Amino acid sequence: MSRLEVTEKIIATKVAKGIKWSDVAAKVGLSKEWVTAACLGQMTLDKTQADIVGKIFGLSADEKKWLMVVPYKGSLPTAVPTDPLIYRFYELVSVYGTTFKELIHEEFGDGIMSAIDFKMDLQREADPKGDRVAITMSGKFLPYKQY
């Protein structure tokens, strides 16, 4: 058994039972964005959270243990994503990455935006020309230190 197999079981059960990530998140008591990432193998659940997720998805005790293992984060199957939706985020960074970098450095100085001290909110935004995806990402600024 592997973490990937547990993730695949979670996804299969979600589809079979028509479970929504927002419902899982409500039961866990955290954001739908973080809980979804955890269920997809990108975050580590504590025992209480793993028990809740395990009950929702019918996981065994051994499968729940995998939810509590620190994952290999950022594990996509290819260097350049081939899934069209994920590729668009890759494209955003390819096109606007230098702009993000320039504007963050201008506003904050030399440093990075944390992906550890981070939060995200994804919402549907109604628009007469077609609904839009609104994603707010907020990460702590971490300045490079001199030594």
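Above this text sits the structure in question.
Computed from a predicted structure; not experimentally measured.

Our focus in this paragraph is the nonpolar core. In a soluble, globular protein the nonpolar side chains are often hidden away together inside. Residues I10, V24, C39, V53, F57 and L67 are the most contacted members of the largest nonpolar core, which totals 17 residues. Breaking this core down by element, the ones donating at least two residues are helix 1 (3-17), helix 2 (21-28), helix 3 (32-39) and helix 4 (47-57). With near-sequence residues (within four places) excluded, V53 lies in contact with I10, V24, V28, C39, L45 and L67.

Once that is clear, we can look at the pairing of strand 1 (residues 111-125). Relative to strand 2 (residues 132-143), strand 1 runs antiparallel, the two being bridged by 11 bridges. Note on strand 2: the bridge partner recorded for K119 is S138. Between strand 1 and strand 2, which pair antiparallel and follow one another directly, the connecting turn spans six residues, one of which, G130, has a positive phi of 130°.

A full pass over the atoms with the stated rule returns three aromatic pairs. Aromatic side chains Y87 and Y90 sit 5.7 Å apart centroid to centroid with 40° between the ring planes, which places their arrangement in the tilted category. Placement of the pair is Y87 and Y90 together in helix 6 (residues 84-108), with a separation of three residues, close to one helical turn. According to the relative accessible area criterion, Y90 is partly exposed, its value standing at 34%. For the ring pair F108 and F141, a centre distance of 4.9 Å and an interplane angle of 20° mean the geometry is stacked. Of the two residues, F108 is situated in helix 6 and F141 in strand 2; the sequence distance between them amounts to 33 residues.

Our next topic: helix 3. Most of helix 3 sits out of view: six of its eight residues are buried. Buried residues of helix 3: E33, V35, T36, A37, A38 and C39, and no others. Against helix 1, helix 2, helix 4 and strand 1 lie the buried residues of helix 3. Downstream of helix 3 by one or two residues, G41 has phi in the positive range, about 90°.

Summed over the entire model, instances satisfying the criterion amount to seven salt bridges. The partner of K32 in a salt bridge is E33, with the nearest N and O atoms 2.9 Å apart. For K32, a relative accessible area of 27% corresponds to the partly exposed category. Notably, a salt bridge pairs R88 with E91, separated by 3.6 Å at the nearest N-O pair. Here E91 and R88 lie together in helix 6, a separation of three residues that amounts to about one turn.

This part is about the packing of helix 2 against helix 4. Following both chains from N to C, one finds helix 2 and helix 4 inclined at 140°, their axes separated by 9 Å at the closest point. One finds that helix 2 runs oblique with respect to helix 4. For the pair helix 2 and helix 4, the crossing hand works out as right-handed. Between helix 2 and helix 4, the contacting residues are W21, V24, K27 and V28 on the first element and Q49, I52, V53, I56 and F57 on the second. Looking at the contact of helix 2 with helix 4, its residues break down into seven nonpolar, one polar and one charged.

Here is what the cut-offs are and how they apply
- By convention here, each chain's residues receive numbers from 1 onward along its written sequence.
- Local features in this predicted model are restricted to residues whose pLDDT is 70 or higher, and side-chain atom pairs enter the listing and the counts only when it is 80 or higher, whereas totals over whole chains, interfaces and linings include all residues.
- Excluding hydrogens and water, the side-chain figures rest on all heavy atoms present in the structure.
- Definition used in this section: a nonpolar core is a set of buried Ala, Val, Leu, Ile, Met, Phe, Trp, Tyr and Cys residues joined via side-chain atoms within 4.5 Å.
- Here's how the labels work: a residue is buried when its accessible area is under 20% of the maximum for its type, exposed when over 50%, partly exposed in between, all with a 1.4 Å probe on protein chains only.
- In this description a helix means any DSSP run of H or I spanning at least four residues, a strand means any run of E spanning at least two, and both kinds are numbered starting from the N terminus.
- Residue contacts are defined here by distance: any two heavy atoms, one from each residue, within 4.5 Å place the two residues in contact.
- By definition, two strands form a pair when at least two bridges between them are found by DSSP.
- Aromatic rings from Phe, Tyr and Trp, taking only the six-membered ring of Trp, are treated as a pair when their centres fall within 6.5 Å; an angle between ring planes under 30 degrees marks them as stacked, one over 60 as edge-to-face, and anything in between as tilted.
- Here, a salt bridge means any side-chain nitrogen of Lys or Arg that lies within 4 Å of a carboxyl oxygen of Asp or Glu.
- Where helices are involved, their axes are fitted lines through C-alpha atoms of the stretch in contact, as for all axes, and angles between N-to-C directions lie from 0 to 180°.
- Reported orientations rely on four angle classes, namely roughly parallel under 35 degrees, roughly antiparallel over 145, roughly perpendicular from 65 to 115, and oblique for the rest.
- Handedness of a helix crossing follows the sense of rotation of the near helix relative to the far helix, less than a right angle counterclockwise being left-handed and clockwise being right-handed.
- In this classification, Asp, Glu, Lys and Arg are treated as charged, Ala, Val, Leu, Ile, Met, Phe, Trp, Tyr, Cys and Pro as nonpolar, and every other residue, Gly included, as polar.

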